[in-house]
Amino acid sequence: MKKQTEETPRETINVVAAVVKEGDKYLCMQRPRSRRRYISEHWEFPGGKVEENESDHEALVREIKEEMDWDIFVGRCIGTVEHEYPDFDIRLTAYWCRGGEGEFILKQHLDAKWLKREEMGDLKWTEADRKMLELL
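A few points on the structure.

Conventions we followed
Residue numbers restart at each chain and count upward from 1, following the sequence in its written direction. Side-chain atom pairs in this predicted model are given and counted only at pLDDT of 80 or more, local residue features only at pLDDT of at least 70, and totals for whole chains, interfaces and linings cover all residues. To obtain the side-chain values, all non-hydrogen atoms of the structure were used and water was disregarded. Nonpolar core, defined: a set of buried Ala, Val, Leu, Ile, Met, Phe, Trp, Tyr and Cys residues in which side-chain atoms within 4.5 Å join the residues together. Remark: exposure states derive from per-residue accessible area (1.4 Å probe, protein chains only) relative to the maximum for the residue type, with buried under 20%, exposed over 50%, and partly exposed in between. Numbering of helices and strands runs from the N terminus, with a helix taken as a DSSP run of H or I at least four residues long and a strand as a DSSP run of E at least two residues long. Every residue pair with non-hydrogen atoms within 4.5 Å of one another is taken to be in contact. Think of a salt bridge as a Lys or Arg side-chain nitrogen and an Asp or Glu carboxyl oxygen that are within 4 Å of each other.

1. What about the nonpolar core?
And step 1. C28, F45, L92, M120, W125 and M132 are the most contacted members of the largest nonpolar core, which totals 23 residues.
And step 2. Contributions of two or more residues to this core are made by β1 (12-22), β2 (25-30), β5 (72-84), β6 (89-99) and α3 (127-133).
And step 3. Element by element, the count of residues in this core is highest for β1, at 4 residues.
And step 4. Beyond its immediate stretch of four places on either side in the chain, M120 contacts Y26, C28, F45, L115, W125, L133 and L136.
And step 5. Among the nonpolar cores identified, the runner-up in size contains 14 residues, and L27, A59, L60 and I72 belong to it.

2. Focus on the pattern of salt bridges
And step 1. According to the stated counting rule, one finds 12 salt bridges in the structure shown.
And step 2. Between K65 and D71 there is a salt bridge, with its nearest N and O atoms 3.5 Å apart.
And step 3. K65 gets classed as partly exposed once you look at its relative accessible area, which sits at 35%.
And step 4. A residue is classified by how much of its surface remains accessible, and D71, at 44% relative accessible area, is partly exposed.
And step 5. Close ionic contact of R91 with E82 constitutes a salt bridge, the shortest N to O distance being 3.1 Å.
And step 6. Look at the salt bridges and you will find they share partners, linking E51, E54, R62, E63 and E66 into a network.

Now the structure itself:
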């Protein structure tokens, strides 16, 4: 691992998240196990990294298709939060989204739950997604 110095700025990852709401319940996804204990098996809104030369909208549609084999419709922006994890920084932008026809498939996540807003605080969220909860 590269040592952090003043000459090498920390990496900031641009990530987009889909906040999918059906009725009074929101879609919450549990991340897979990983070497990063601070996000391993934590809950999040589905989404992922924005690739170079890709719009937020394009990234969300692509990520949800890749991770869940599901088509979504991306709506207006909810907001952006930033968080410093131990080895990278994240800039998370969330959008209201609507799921397409059919059911999604858990291709990467461990679990999914549809929860009311007041139930969501009981989950062990990633810190960036926990900040996003405050904007809902």
